[in-house]
Amino acid sequence: MNPSDIQGTIRKVCVIGAGTMGAGIAAQVANAGVPVLLLDIVPKDGGNRNAIAEGAVAKMLKADPAPFMSKAAARLIETGNIEDDLARVGECDWIVEAIIERLDLKQDLYARLEQVRKAGTAISSNTSTIPLGQLIDGRSEAFAADFLITHFFNPPRYMRLIEIVTGPKTGAATAEKVADFVDRAMGKTVVRANDTPGFIANRIGTYWLQVAVNAAIDLGLTVEEADAIGGKPMGVPKTGIFGLIDLVGIDLMPLLQKSLTATLPEGDAYFATVRPMPLVDKMIADGYTGRKGKGGFYRLNREAGKRKEAIDLATGAYRPAIKAQEPRVRLGELVALPGKTGEFAWAVLGQVLSYAASLVGTIADDIVAIDDAMKLGYNWKYGPFELIDQLGGAAFAKRLADEGRPVPAILATAGDRSFYRVEGGKRQYLGLDGAYHDLVRPDGVLLLEDIKRNAKPIMKNGSAALWDIGDGVACFEFTSKMNALDGDTLKLLGQAVAHVAASMKAMVVYNEGSNFSAGANLGLALFALNIAAWGEIDKLVAGGQQAYKAMKYAPFPVVAAPAGLALGGGCEIVMHADAVQAHAETYIGLVECGVGLVPGWGGCGEYIDRWVKSGLLPKGPMPAVGKAFETISTATVAKSAAEAKELMFLRKDDGISMNRDRLLFDAKAKALALVDGYTPPEPPSFRLPGPSGRVALGMAAEGFHKRGMATDYDMVVSDALAEVLTGGDADIVDVVSEQDMLALEHAAFMARVRDPRTMARVETMLATGKPLRN
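The structure displayed is predicted, hence computed values, not measured ones. (Residues numbered from 1 in each chain as written. Predicted model: local features only at pLDDT ≥ 70, side-chain atom pairs only at ≥ 80, totals over all residues. Heavy atoms only, no water.)

J.: I would appreciate a short explanation of the overall build of the protein chain in the present structure.
T.: Helix and strand content of the protein chain: 31 helices and 25 strands. Here the C-alpha atoms of the protein chain give a radius of gyration of 28 Å, agreeing with the 28 Å that 2.2 N^0.38 yields for 774 residues. Dimensions of the protein chain, computed from C-alpha atoms along their principal axes, come out at roughly 80 × 65 × 60 Å. With 774 residues in all, the protein chain has 53% of them scored as buried. A separation of at least 24 residues holds for 70% of the contacts in the protein chain among residues at least 6 apart in sequence. Approximately 32700 Å² of the protein chain is accessible, and the part contributed by carbon and sulfur atoms is 55%. Seen as two clouds, the 83 positive and the 91 negative side-chain charges of the protein chain have centres 2 Å apart. (Helix = DSSP H or I, 4+ residues; strand = E, 2+ residues; numbered from the N terminus. Rg over C-alpha atoms; globule rule 2.2 N^0.38 Å. Buried < 20%, exposed > 50% of the residue type's maximum accessible area, 1.4 Å probe, protein only. Contact = heavy atoms within 4.5 Å. Areas by Shrake-Rupley, 256 points an atom, 1.4 Å probe, with all protein chains shown as cover. Lys, Arg positive; Asp, Glu negative; His and termini not counted. Charge placed at Lys NZ, Arg CZ, Asp CG, Glu CD.)

Laid out in structure tokens, this is it:
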């Protein structure tokens, strides 16, 4: 990542307030490679006047999930306090206020900032409740011109949404400068919200949760039943309603309720959801505030062997959790089901979607902003208007009218038309004016989903496809479940290489799934194991090696663009590319040992070669081999693209895109930059330590075994890996070729795959998603 490419006119940021949100915002700025000044108050006790800010950074370095993408990023944060260091905001181009939600304290801070900031410095508040007009009351015109609200969501590293609110006096250039920075440098999707209570996501999200809790209680549902109906069937995260409240914190509910009831206009539908909640009050008083407390609507009873329990909404007593059946029907069928299931679904969707529809033009200028806010801020799979399209807008409006409930104006405007449509290959949305408008992507955003609306694939099969993304660049896409790699994937990869070599300039390996690839298809592998189809497995290993080497030595540049999980074979295809443009949230590693195997598609040789060429290790055959053994045998996974560089899964010059929506554009640009004068890489050769090195690695592993950190079968698998990494029977004076390494991998993989203990590991991973320690 080159910060100079993305910083623009913001080269240093000051964050005031080192609580959970402020510290998290500072960490994400540092993740972008931008220096940060983090300030808080002087503590009442103790001699360290910077203790609060310093403590926040120290806490983040230990936190999991980690706010920092790399511990090195923490060095970009300077700490201080607002008594001694406030004048230093003059060094900064953007000041983010993230202090307690009290108007008087914020206004006092702004008055002080006005005296020390440099002219033109952007100032924003992370408030989630206080109107912008009240925040700047009494400030100068110049201050008001540089002021806006930037509402981040928690945790700031992982939540992609940022709501930006500007006032009538906010300068357009200032707002654009901040919006561009949070987009490109911090990886956020900017949603423009109007200056109304709760803005967009919290206004609708809080209403949704309150409506759902009320409906569950009124209908006598269990929390498990409510979550089964109101979760995946509605396109809501698998936590469902009560699981989500546990995640964000039950004690947050009354705080948001208090804030909204104090600021919402009279007659807002939210007021009808407010009722006494003695159960919730008691839970909070007893410390049952959700996952951060002793438990919440769900808890793990440690006295009963960590048994999962759920609370009875009627009695408040905990009981063993009972898995509820999840309805597997379309949305329109869901709300029409008889009994409590359909009643609950309609009680939630009818109220929440009509509430969202009534707010278009008030909380946001268009339906796209509302849909994006709910998808990114609350992880809904579909936004409110996409859900209405699934129900049928006319049918939805008719049911509201039949029940004597108001029909929002935009539903009447839509009539029997959908809120979204595709016209001329472009996605369009219905505006308040009753006309359709093109959904326009920001500059530098290229999405495969848009390309698919205008084109057919160059070639495809059941597991992969090849697309023309313009300017002579092809995109190779995995399309199987979890983007797992199988024989069809490898077959099409070989065909794609031949096609691009004949008629195009470059290729990008990319997809828009949640995960780049979880590796080889273990389900198919297990099937083959169960019927002892060793020939098929042997063919898969050989086919993967052949396809990856064909791609590596193709007469054109290949850029891999991973995001999310890139494990096993998914990691290996990344390592065979000429260059990588990774999303910042890429989690990559060679994890085969965890299921009793070794990397089989060239990962061992590629990984050793990277360490040898890095110049970071002492010379000689053992240091790089030792690093590879340490990382691969423990199935280590980098928890960010930045950490992947430290672990050498990515190279120093590989690129990192902070914003997921910009990944394909950036990867395509990188591929085109490599075209002129491109020549394929020279095959690596290795000098490896041979049997003596294998013994040394075995001794290291035995130390872990004796301490109970490695199982008996771990020792068997690690020895197979050690044989590959040390070159088998090769002597230290021998030159081991790339093909020799592939042959060693192939042999070790086939030996391990025949072991029943490997089969047990594969079965357990498929059934539970967790490794078996046998």
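J.: Sorry, what's going on with the side chain of Asp227 here?
T.: Note that Asp227 resides in helix α9 (residues 223-230). As a buried residue without a salt bridge, Asp227 has its nearest oppositely charged side chain in Lys308, at a separation of 7.3 Å. (Salt bridge = Lys/Arg side-chain N within 4 Å of Asp/Glu carboxyl O.)

J.: Any chance you could explain the sheet that holds strand β12 (residues 420-423) here in plain terms?
T.: Strand pairs in the sheet, formed through backbone hydrogen bonds, run parallel or antiparallel to each other. Strands sit in the order β12-β13-β14 across an open sheet of three strands; the sheet is antiparallel. Here the strands that pair on one side only, and so sit at the sheet edges, are β12 and β14 (436-438). Ignoring which end each strand starts from, the neighbouring axes of this sheet average 40° apart. Bridge count between strand β13 (residues 426-430) and β14: three bridges; the pairing is antiparallel. Note that in β14 the partner of Tyr429 across the bridge is His437. (Pairing = 2+ DSSP bridges. Axes fitted to C-alpha atoms, helices over the stretch in contact; angles between N-to-C directions.)

J.: Would you mind showing me how to read the pattern of salt bridges here?
T.: Working definition: two side chains of opposite charge can pair if their charged atoms are close together. One pass over the full model with this rule turns up 51 salt bridges. Its salt-bridge partner being Lys452, residue Glu477 comes within 2.7 Å of it at the nearest N-O pair. Here the residue Glu477 occupies a position in strand β17 (residues 473-478), and Lys452 occupies one in helix α19 (residues 448-454), the gap between them amounting to 25 residues. According to the relative accessible area criterion, Glu477 is buried, its value standing at 6%. Residue Glu723 is joined to Arg694 by a salt bridge in which the shortest nitrogen-to-oxygen separation is 3.8 Å.

J.: What is the right way to look at the environment of Ile41 in this model?
T.: Following the sequence through the fold, Ile41 ends up in the loop between β2 (36-40) and α3 (51-62). According to the relative accessible area criterion, Ile41 is partly exposed, its value standing at 48%. With 134 residues separating them along the chain, Ile41 and Ala175 place their C-alpha atoms 28 Å apart. Dropping the residues within four chain positions of it, Ile41 is found in contact with Arg49, Ile52, Asn81 and Ile82.

J.: Would you mind showing me how to read the packing of aromatic side chains here?
T.: The geometry of two aromatic rings is summed up by the distance between their centres and the angle between their planes. In this structure the tally under the stated criterion is 16 aromatic pairs. Taken together, the aromatic side chains of Tyr110, Phe143 and Phe147 make up a single cluster linked through ring pairs. The aromatic ring of Phe143 is capped on one face by Arg139, whose charged end is 6.0 Å from the ring centroid. If you follow Lys308 out to its NZ or CZ, it ends over the ring of Tyr298, 4.7 Å from the centre. (Phe/Tyr/Trp six-rings, centres within 6.5 Å; stacked < 30°, edge-to-face > 60°. Lys NZ or Arg CZ within 6 Å of the ring centre and 35° of its normal.)

J.: I would appreciate a short explanation of the pairing of strand β1 (residues 13-16) in the present structure.
T.: As a general feature of sheets, a regular strand has side chains that alternate between the two faces. Side chains Val13 and Val15 of β1 all project onto a buried face; the interleaved residues Cys14 and Ile16 project onto the opposite face, where all are buried too. Taken together, the four bridges between β1 and β2 define a ladder with parallel strand orientation. Bridging from a neighbouring strand, Cys14 pairs with Leu37 of β2. As for the winding sense of the linkage, the β-α-β connection from β1 through helix α2 (residues 20-31) to β2 is right-handed. (Right-handed = clockwise from strand over helix to strand, strands pointing away.)

J.: Hey, could you run me through the environment of Val637 in this one?
T.: With respect to the helices, strands and loops of the structure, Val637 is situated in the loop between α25 (622-633) and α26 (641-646). In this structure, the C-alpha to C-alpha distance between Val637 and Gly600, residues 37 residues apart in sequence, is 17 Å. Contact partners of Val637, with chain neighbours within four places excluded, come to Leu567, Tyr587, Ile588, Gly589, Val591 and Glu643.

J.: For this particular structure, what's the right way to read the nonpolar core?
T.: Nonpolar side chains in soluble globular proteins tend to end up buried together. Ranked by size, the top nonpolar core spans 122 residues in total, and within it Trp94, Phe476, Met507, Tyr607 and Phe649 carry the most contacts. Sorting elements by how many residues they give to this core places helix α29 (residues 712-725) first, with eight residues. Counting 107 residues, the second largest nonpolar core, distinct from the first, contains Leu86, Met277, Leu313 and Leu430. (Core = buried A, V, L, I, M, F, W, Y, C linked by side-chain atoms within 4.5 Å.)

J.: What am I meant to see in unusual backbone geometry here?
T.: Across the chain, the bulk of peptide bonds are trans and the bulk of non-glycine residues have phi less than zero. Following Asp64, the chain continues into Pro65 via a peptide bond in cis, with omega recorded as 5°. With respect to the helices and strands, Pro65 occurs in the loop between α3 and β3 (77-81). One non-glycine residue, Asn379, adopts positive backbone phi at about 60°. Mapped onto the elements of the fold, Asn379 is located in the loop between α15 (367-377) and α16 (384-391). Classification of Asn379 by relative accessible area gives partly exposed; the value is 45%. You will see that Asn483, though not glycine, has its phi angle at about 55°, which is positive. Relative to the helices and strands, Asn483 resides in the loop between β17 and α20 (487-503).

J.: How should the sheet that holds strand β11 (residues 318-320) be read in this particular structure?
T.: Spatially, three strands are ordered β9-β10-β11 in an open sheet, and the strand pairing comes out antiparallel. Both edges of this open sheet fall to β9 (298-301) and β11, since each of them pairs with a single strand only. Adjacent strand axes in the sheet meet at a mean angle of 40°, parallel and antiparallel pairs treated alike. As judged from the three bridges shared by strand β10 (residues 307-311) and β11, these two strands associate in the antiparallel manner.

J.: Any chance you could explain the packing of α20 against helix α22 (residues 534-552) here in plain terms?
T.: Two packed helices can be described by the angle between their axes and the distance between those axes. One way to put it is that α20 packs onto α22 with a least axis distance of 9 Å and a crossing angle of 25°. As judged from the angle between their axes, α20 and α22 are roughly parallel. When you trace α20 past α22, the crossing you get is left-handed. Along the contact surface, α20 presents Gly487, Leu490, Leu493 and Val497, while α22 presents Leu540, Gly543, Gly544, Ala547, Tyr548, Ala550 and Met551. (Parallel < 35°, antiparallel > 145°, perpendicular 65-115°, else oblique. Left-handed = near helix turned anticlockwise from the far one by under 90°.)

J.: What exactly am I supposed to notice about the state of the cysteines here?
T.: Where two cysteines share a covalent bond between their sulfur atoms, that bond is called a disulfide. Applying the stated criterion across every chain, the model contains zero disulfides. Cysteine Cys92 is unpaired, with the sulfur of Cys14 as its nearest cysteine sulfur at 4.9 Å. For Cys92, a relative accessible area of 0% corresponds to the buried category. Lacking any disulfide linkage, Cys604 is separated from the closest cysteine sulfur, that of Cys593, by 7.9 Å. The exposure class assigned to Cys604 is buried, which follows from its relative accessible area of 0%. (Disulfide = S-S within 2.5 Å.)

J.: What is the right way to look at α15 in this model?
T.: It helps to recall that an α-helix has 3.6 residues per turn; residues three or four apart then point in one direction. Burial analysis of α15 places nine of its 11 residues in the buried class, the great majority of the element. Turning to α15, its buried residues number three or more, namely Ile367, Val368, Ala369, Ile370, Asp371, Ala373, Met374, Leu376 and Gly377. A distance of 3.1 Å separates the backbone nitrogen of Val368 from a side-chain oxygen at the start of α15, and that oxygen is part of Asp366. Just beyond α15, the residue with positive phi is Asn379, at close to 60°. (Polar contact = N/O pair within 3.5 Å; in protein donor to acceptor, adjacent residues only side chain to side chain.)

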